[in-house]
Amino acid sequence: MAGAIESLLVEDRIFPPPQDFARQAAVSGMDQYHALCAQAAEDHVGFWARHAREQLQWHKPFTRALDDSNAPFYKWFDDGELNASANCLDRHLGTPTENKTAIIFESDGGEVTSVTYRELHDRVCRFANGLKSLGYGKGDRAIIYLPMSIEGVVAMQACARLGIIHSVVFGGFSAKSLQERIHDVGASLVITADEQVRGGKSIPLKPAVDEAFAMGGCDTVRKVIVYQRTGAAVSMVEGREITWSQLVDGQSSECPPEYVSAEHPLFVLYTSGSTGKPKGVQHSTGGYLLHALLSMRWTFDLKPTDVFWCTADIGWVTGHSYVAYGPLAAGATQVVFEGVPSYPDSSRFWRMIARHKVSIFYTAPTAIRALIKACESDRATHPTQFDLSSLRLLGSVGEPINPEAWMWYHTNVGGGRCPIVDTFWQTETGAHVVTPLPGATPLVPGSCTLPFPGVDVAVVDETGGEMPNGQGGILVIRKPWPAMIRTIWNDPNRFKQSYFPPELHGFYLAGDGAVRNKQTGYFTITGRIDDVLNVSGHRMGTMEIESALVANKLVAEAAVVGRPDDVTGEAIVAFVVLKGVRPTDAAAAAKVAKELRDWVGKEIGPIAKPKEVRFGDNLPKTRSGKIMRRLLRVIARGEDITQDVSTLENPAILEQLKQVL
Ligand code: 7RM
């Protein structure tokens, strides 16, 4: 890792914006970028207020842009009223966008369904009217547990239309994770599907909802709506559970939006932290939508003729800001994809880009790395075998993109002509925080470059003092910004403690390390500084996985660490002490390891399954009983331990844990 970071710091390839790109760009050239930053620096609140007035349609204009009287519980535009769904759909009616394609949906099997903005509006209204007929309205919470689909977007938009706060749970999460979220958010409504289809396989969803209910704690739920994706037979509780088509049948395609305060929560999205259970990150309506939309214009330079494709699932924040809200608010045509990049083979993305003439493509480094590997063994899936000439801009999100992958993406997917926006942001930030603007920022592979105008990002030491360029520190945001997290659902204290530690006197703590280039001031993210892993761009708390492991009857103790992985960025390695005897032969170890991996899959979801499980009679501990995770990280990487281990209670254990059975 140290080597990797050093190589980033000496990276000297620079890719200025192509001239014809810069000429037509929303932010054209660094002068314009610096001018925007200067406006924000001069009048931070006024800057955002101006864009809020220009970009959003207000039912009632706001008179006060920022209320910081109860920091860090900031309020933006809060006496203004608007509706997020009206800002995504109704605003386009009566304009040329009304009959433009909003969503091109491609199923796992390759069938294509498209809807125009008018049709999407009508579908959202019908569904919203159905929800209304069941008595749902402003302030209720809905869990959405749906596959990537037009229906997923419709469900989110319909909730927004009525002021219902949605909480989308990724379809890859287990029944247990679903139950915890239903309970924590106090949902009265669950919207799900019979099954989801990915990679040629049907995976049950409704049965997971049934299982979640059977675990208890879901008594707040009054109704379950089931979208019949495959038509598989699923159990339906009479009176409580109805199908999507029953709900929308006979409903009107006009549903007046419920105007809410800009501070009304639009959604709660659960994300992993360093301790305890996942946190329900609460976002606002106005400030969130503003930044989602503005980044469509500035980061993605969206034009009316673009075909935008963000490959993220709606279960993640990227699928909120850059599938469900941002592209629609901007009136874009976007691709929504049900399946996976490797099915029917690893050329799926390239075929889809060619088929739908995608011009802006936004995906994760882990997908790029997996596809690099795939096309090395099967040349027929190499991107250069396909007509990708429609592309004009590429994007990356979720984890650092290593310069090799960046170069490959640039050369082979972008044909050397498309800028790459390496966008750094988080569930908590709502939208892009450090990112190139493609018509302005000269690109350096492996760097997310410079702050989004109006977001005051800095690298500081533990007490908030700014680090000189070239010296690493922690990434903070010094001023509130409109799309920032408002609180953690049900846990305002945890919100304060996690993001606004007293030592940083009011700065937002992102949880990432960063360093700025000595000459350019460009940011490079050096990774999480807490116990959060990034596996395939998915955030996983090590404590969360440890809790799942020790909940298994075989396990006495467990410690989980990350190890660098070529494809997934980080891989999960679990060190486990069993209650019974330690397995000493490979077959026995493999059997228990499989059992534990499957267990974690059931407790959290398949994405949390450890890649490797090692067994020991004990774990390396200090004399005060603290597990030395630092040493476990070294062991997990297969590196030699160079540090002094004399303070360990039980140094002999290290040899045992080094063994790979
Ligand atoms: C959007 C998203 C957030 C964490 C964040 C970082 C890492 C995301 C980049 C990145 C380096 C990037 N939300 N991260 N983007 N690291 N360069 N461009 O991913 O809440 O799920 O994760 O992801 O560690 O803190 S998230």
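Everything numeric here is computed off the predicted structure, so don't read it as measured data.

The helix and strand inventory of the protein stands at 20 helices and 30 strands. A globule of 661 residues ought to have a C-alpha radius of gyration of about 26 Å, and the protein, at 24 Å, matches this closely. If you line up the protein on its principal axes, its C-alpha atoms span 75 × 65 × 60 Å. Within the protein, residue pairs in contact and separated by at least 24 positions form 71% of the contacts whose partners lie at least 6 positions apart. For the protein, the accessible area works out to roughly 24,500 Å², and carbon and sulfur atoms hold 51% of it. With 66 positive and 73 negative side-chain charges, the protein shows a spacing of 1 Å between the two charge centroids.

Let us look at the site of the ligand. In the vicinity of the ligand there are 17 residues, among which Asp 422, Thr 423, Thr 427, Asp 512 and Arg 528 approach most closely. Between the ligand and Asp 422 there is a distance of 2.7 Å, counted from a nitrogen atom to a side-chain nitrogen or oxygen. One of the side-chain N or O atoms of Asp 512 is found 2.4 Å from an oxygen atom in the ligand. In isolation the ligand has 530 Å² of accessible area, and contact with the protein removes 96% of it. At the level of elements, helix H12 (317-329), strand E20 (420-423) and strand E25 (523-528) are the ones that each hand at least two residues to the shell around the ligand. Class assignment for the residues of the shell around the ligand results in six nonpolar, six polar and five charged.

Bringing the confidence of the model for the protein into the picture now. Confidence in the prediction of the protein, expressed as mean pLDDT, is 95, and 98% of residues score 70 or more. Within the protein, the element-level pLDDT minimum falls on helix H1 (residues 2-9), averaging 50, and the maximum on helix H7 (residues 150-162), averaging 99.

Let us look at the sheet that holds strand E19 (residues 393-397). Strand order in the open sheet formed by seven strands is E5-E4-E17-E16-E18-E19-E20, with mixed pairing between adjacent strands. The outermost strands of the open sheet, each flanked by one partner alone, are strand E5 (112-116) and E20. Each adjacent strand pair in this sheet contributes to an overall mean axis angle of 20°, direction not counted. Sheet topology note: the strand E18 (residues 360-363)/E19 ladder contains four bridges and is parallel. Within E19, the residue paired with Ile 360 across the bridge is Leu 393.

A few words on the environment of Ser 252. Within the fold, Ser 252 resides in the loop between helix H10 (244-248) and strand E13 (260-261). Considering only alpha carbons, one finds Ser 252 and Cys 125, 127 residues apart in sequence, at a separation of 7.1 Å. Each residue touching Ser 252, except ones within four places of it in the same chain, is listed here: Cys 125, Arg 126 and Asn 129. A polar side-chain atom of Ser 252 sits 2.9 Å from the main-chain amide nitrogen of Glu 254.

On to the pairing of strand E16 (residues 307-310). In E16, alternate side chains face the same way, and those of Val 307 and Trp 309 on one face and Phe 308 and Cys 310 on the other are all buried. Remark: the E16/H12/strand E17 (residues 333-337) crossover connection has right-handed handedness.

This paragraph deals with the pattern of salt bridges. By the definition in use, this model includes 38 salt bridges. Close ionic contact of Asp 210 with Lys 206 constitutes a salt bridge, the shortest N to O distance being 2.6 Å. On the criterion of helical spacing, the pair formed by Asp 210 and Lys 206 is a turn pair, its members being four residues apart in helix H9 (residues 206-214). On the basis of relative accessible area, Asp 210 is assigned to the partly exposed category, the value being 24%. The class for Lys 206 is buried, based on a relative accessible area of 0%.

Moving on, we get to the state of the cysteines. Put plainly, a disulfide is one covalent bond tying together the sulfur atoms of two cysteines. Applying the stated rule across the entire model yields zero disulfides. Free cysteine: Cys 125, not disulfide-bonded; nearest cysteine sulfur from Cys 255 at 5.3 Å. There is no disulfide at Cys 448, and the cysteine sulfur nearest it, in Cys 37, is 14 Å away.

Turning our eyes to something else, we now look at the environment of Pro 620. Mapped onto the elements of the fold, Pro 620 is located in the loop between strand E30 (612-615) and helix H19 (629-636). According to the relative accessible area criterion, Pro 620 is buried, its value standing at 0%. Taking C-alpha positions, Pro 620 is 37 Å from Ile 485, a pair spaced 135 residues apart along the chain. Residues within four places of Pro 620 in sequence aside, it is in contact with Lys 626, Ile 627, Met 628, Leu 631, Leu 632, Leu 648, Asn 650, Ile 653, Leu 654 and Leu 657.

This part takes up the pairing of E25. By the bridge criterion, five bridges tie strand E24 (residues 508-516) to E25 in an arrangement that is antiparallel. Its bridge partner lying in E25, Arg 516 is registered against Phe 523. The antiparallel hairpin formed by E24 and E25 contains six residues in its connecting segment, where Gly 521 sits at a positive phi of about 75°.

With that out of the way, let us pick up the packing of helix H4 (residues 44-55) against helix H11 (residues 286-298). Between H4 and H11, the least distance of the axes is 10 Å, while the angle of their chain directions is 85°. In this view, H4 runs roughly perpendicular relative to H11, as classed from their interaxial angle. Packed against H4, whose contacting residues are Phe 47, Trp 48, His 51, Ala 52 and Gln 55, the element H11 presents Leu 290, His 291, Leu 293, Leu 294, Arg 297 and Trp 298 at the interface. Split into classes, the residues belonging to the contact of H4 with H11 amount to seven nonpolar, three polar and one charged.

Before going further, it helps to examine the packing of H11 against H12. For the pair H11 and H12, the least separation of the axes is 8 Å and the interaxial angle reads 80°. With respect to their mutual orientation, H11 and H12 come out roughly perpendicular. Residue-level contacts link Tyr 288, Leu 289, Ala 292, Leu 293, Ser 295 and Met 296 of H11 to His 320, Ser 321, Tyr 322, Tyr 325, Gly 326, Pro 327 and Ala 329 of H12.

Ordered in space as E21-E22-E24-E25, the four strands form an open sheet in which the pairing is antiparallel. Edge positions in the sheet fall to strand E21 (457-460) and E25, since each of these pairs with one other strand and no more. Averaged over neighbouring strand pairs, the angle between their axes works out to 45° when direction is ignored. Bridge count for E21 against strand E22 (residues 473-477) is four bridges, and the pairing is antiparallel. By the bridge assignment, Val 457 is partnered in E22 with Ile 477.

Within the secondary structure layout, Lys 279 lies in strand E15 (residues 279-284). Engagement of the side chain of Lys 279 in a polar contact is seen with the side chain of Tyr 499, the distance being 3.1 Å. Contact partners of Lys 279, with chain neighbours within four places excluded, come to Leu 269, Tyr 270, Thr 271, Ser 272, Gly 273, Glu 428, Ile 488, Arg 494, Ser 498, Tyr 499 and Arg 539.

Along an α-helix, residues three or four positions apart point the same way, because every turn accommodates 3.6 residues. With respect to burial, H19 is a largely interior element, six of its eight residues being buried. Residues of H19 that are buried make contact with helix H17 (542-550), strand E28 (555-565), strand E29 (569-578), E30 and helix H20 (653-658). In the stretch just after H19, Gly 638 is the one whose phi turns positive, near 75°.

About the thresholds
Residues numbered from 1 in each chain as written. Predicted model: local features only at pLDDT ≥ 70, side-chain atom pairs only at ≥ 80, totals over all residues. Heavy atoms only, no water. Helix = DSSP H or I, 4+ residues; strand = E, 2+ residues; numbered from the N terminus. Rg over C-alpha atoms; globule rule 2.2 N^0.38 Å. Contact = heavy atoms within 4.5 Å. Areas by Shrake-Rupley, 256 points an atom, 1.4 Å probe, with all protein chains shown as cover. Lys, Arg positive; Asp, Glu negative; His and termini not counted. Charge placed at Lys NZ, Arg CZ, Asp CG, Glu CD. Near = heavy atom within 4 Å. Polar contact = N/O pair within 3.5 Å; in protein donor to acceptor, adjacent residues only side chain to side chain. Nonpolar A, V, L, I, M, F, W, Y, C, P; charged D, E, K, R; others polar. pLDDT = per-residue confidence, 0-100. Pairing = 2+ DSSP bridges. Axes fitted to C-alpha atoms, helices over the stretch in contact; angles between N-to-C directions. Buried < 20%, exposed > 50% of the residue type's maximum accessible area, 1.4 Å probe, protein only. Right-handed = clockwise from strand over helix to strand, strands pointing away. Salt bridge = Lys/Arg side-chain N within 4 Å of Asp/Glu carboxyl O. Disulfide = S-S within 2.5 Å. Parallel < 35°, antiparallel > 145°, perpendicular 65-115°, else oblique.

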